[in-house]
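Each chain, written out:
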Amino acid sequence: MIYSLRGIVQELSPTFVVMEVGGVGYYVGISLPTSQRLEIGQPALLYTQPIIREDAHLLYGFFGKEEKELFNLLISVNGVGPASALIMLSSLSHSEISSAILSGNGALLQRVKGIGAKTADRIIVDLRDKIQKFSIEEQNISNLANTKTKDEALSALEVLGISKKMSEKIADKFLKQNPELSVEELVKLILKNI
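A quick note: this is a predicted structure, and the numbers were derived from the prediction, not measured.

On to the overall build of the protein, then. Helix and strand counts for the protein stand at nine helices and five strands. Counted from the first residue to the last, the protein has its helices and strands arranged as β-β-β-α-β-β-α-α-α-α-α-α-α-α. Relative to a compact globule of 194 residues, whose C-alpha radius of gyration would be 16 Å, the protein shows 21 Å and is clearly more extended. Taken along the three principal axes of its C-alpha coordinates, the protein extends 70 × 45 × 25 Å. Looking at the protein residue by residue over its 194 residues, the buried ones come to 39%. A total of about 11,300 Å² of accessible surface is found on the protein, and carbon and sulfur atoms cover 53% of it. Each charge class in the protein was averaged separately, 21 positive and 22 negative side chains, and the resulting centres sit 6 Å apart.

Ranked by size, the top nonpolar core spans 26 residues in total, and within it Phe 71, Leu 74, Met 88, Leu 109 and Ile 123 carry the most contacts. Looking at this core, the elements that each hand over two or more residues are β5 (57-62), α2 (65-75), α3 (82-91), α4 (94-103), α5 (106-110) and α6 (117-127). By size, the runner-up hydrophobic cluster in this structure holds twelve residues, among which are Leu 154, Phe 174, Leu 186 and Val 187.

A complete count under the given rule lists four aromatic pairs for this structure. Measuring from centroid to centroid gives 5.9 Å for Tyr 3 and Tyr 47, while their planes differ by 80°, and the two rings are edge-to-face. On the criterion of sequence distance, the pair formed by Tyr 3 in the segment before β1 (4-12) and Tyr 47 in strand β4 (residues 43-52) is long-range, its members being 44 residues apart. Assessed through its relative accessible area of 44%, Tyr 3 is described here as partly exposed. Residue classification places Tyr 47 among the buried positions, given a relative accessible area of 16%. For the pair Phe 62 and Phe 71, a centre-to-centre distance of 4.8 Å together with 45° between the ring planes defines the contact as tilted. Residue Phe 62 shares its accessibility class with Phe 71, and that shared class is buried.

With that settled, consider the side chain of Ser 167. The topology assignment puts Ser 167 in helix α8 (residues 164-177). For Ser 167, a relative accessible area of 0% gives the class buried. Those residues in contact with Ser 167, other than ones at most four positions away along the chain, are Leu 154, Leu 157, Ile 162 and Ile 190.

Okay, the environment of Leu 38 next. Tracing the backbone shows Leu 38 in the loop between α1 (32-36) and β4. Note: C-alpha distance between Leu 38 and Phe 63 (25 residues apart in sequence) is 8.5 Å. Filtering out sequence-adjacent residues up to four positions away, Leu 38 remains in contact with Val 9, Leu 12, Val 17, Ile 30, Ala 44, Leu 46 and Phe 63.

Let us now look at the pairing of strand β2 (residues 16-21). Two strands pair when backbone bridges link them, and β1 and β2 are joined in this way by four bridges, in the antiparallel orientation. From the neighbouring strand, Leu 12 faces β2, where its bridge partner is Val 17. As consecutive antiparallel partners, β1 and β2 are separated by three residues. Taken together, the six bridges between β2 and strand β3 (residues 24-29) define a ladder with antiparallel strand orientation. Residue Val 17 lies in a different strand from β3, and its bridge partner there is Val 28. Following β2, the chain reverses through two residues before pairing antiparallel with β3; Gly 22 in that reversal takes a positive phi of roughly 60°.

The residues that UniProt annotates with the feature "domain: Helix-hairpin-helix DNA-binding motif class" (unreviewed entry) are residues 72-91, 107-126 and 154-173. Across residues 107-126, the secondary structure splits into 70% helix and 0% strand, with the terminal C-alpha atoms separated by 16 Å. This span, residues 154-173, is 80% helix and 0% strand, and a straight line between its end C-alpha atoms measures 14 Å.

Cut-offs used in this document
Sequence positions are assigned chain by chain, starting from 1 and proceeding in written order. pLDDT decides what is reported in this predicted model: residues at 70 or higher carry local features, side-chain atom pairs at 80 or more are listed and counted, and totals for whole chains, interfaces and linings draw on all residues regardless. Computation of side-chain values: all heavy atoms of the structure, hydrogens and water removed. Only runs of H or I of at least four residues qualify as helices and only runs of E of at least two qualify as strands under DSSP, and these elements are numbered from the N terminus. Restricting the calculation to C-alpha atoms gives the radius of gyration, and the globule rule supplies 2.2 Å times the number of residues raised to the power 0.38. Buried means the residue's accessible area, taken with a 1.4 Å probe over protein chains only, is under 20% of the maximum for its type, while exposed means over 50%, and partly exposed covers the values in between. Surface accessibility in these figures is a Shrake-Rupley result with a 1.4 Å probe; residues are shielded only by whichever protein chains are displayed. Counting rule for charge: Lys and Arg are taken as positive, Asp and Glu as negative, and neither His nor the chain ends is counted. Every charge is mapped to an atom, namely NZ of Lys, CZ of Arg, CG of Asp or CD of Glu. By convention a nonpolar core is built from buried Ala, Val, Leu, Ile, Met, Phe, Trp, Tyr and Cys residues, the set being connected through side-chain atoms within 4.5 Å. Two rings from Phe, Tyr or Trp (for Trp, the six-membered ring) form a pair when their centres sit within 6.5 Å of each other. Planes less than 30 degrees apart are called stacked, planes more than 60 degrees apart edge-to-face, and all others tilted. What makes two residues a contact is simply this: any of their non-hydrogen atoms within 4.5 Å. DSSP-based pairing: two strands are paired if at least 2 bridges between them are found. UniProt positions are given in the numbering used here, feature names are shortened, and annotations may be inferred rather than shown by experiment.

Given below as structure tokens:
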């Protein structure tokens, strides 16, 4: 089984890439998020999933292991093929897919081309227990990012003579409202609200 490919991006489109590895060009189906992270002529590493059928040997590639795992979960559902799984990964973020499955939001899944009501219900039923890992991972990643941003902002404010105790509650409030804040933005917001 081909687990991964490390090589040079020879051709690139939103749906496939040709990776040159040791003089051999591999045609690899990809999602839009993976396509956006690749560049023609540049080296890249793709985690791959081969699918062997009677009439074809197909190879699908992913920029990250999480996307590959999610792809494999989606194609394990009866009625969801590799093409539908790639369309879903291109249309929705990992967190949108996992939260739709966990909350039973079939309407969101049905927005994806080729996913009808029955297939959306089947995805929810089959993957509800298996998908929790993705929502937990994403929460942990965002919590770690928030903690780092908050710590750096509080340290900067301490240098300015503002006590950590005074600015910590304000920092928590703003990070809860907008987890994507940069250190600089957070410092400015805290200074305005002290």
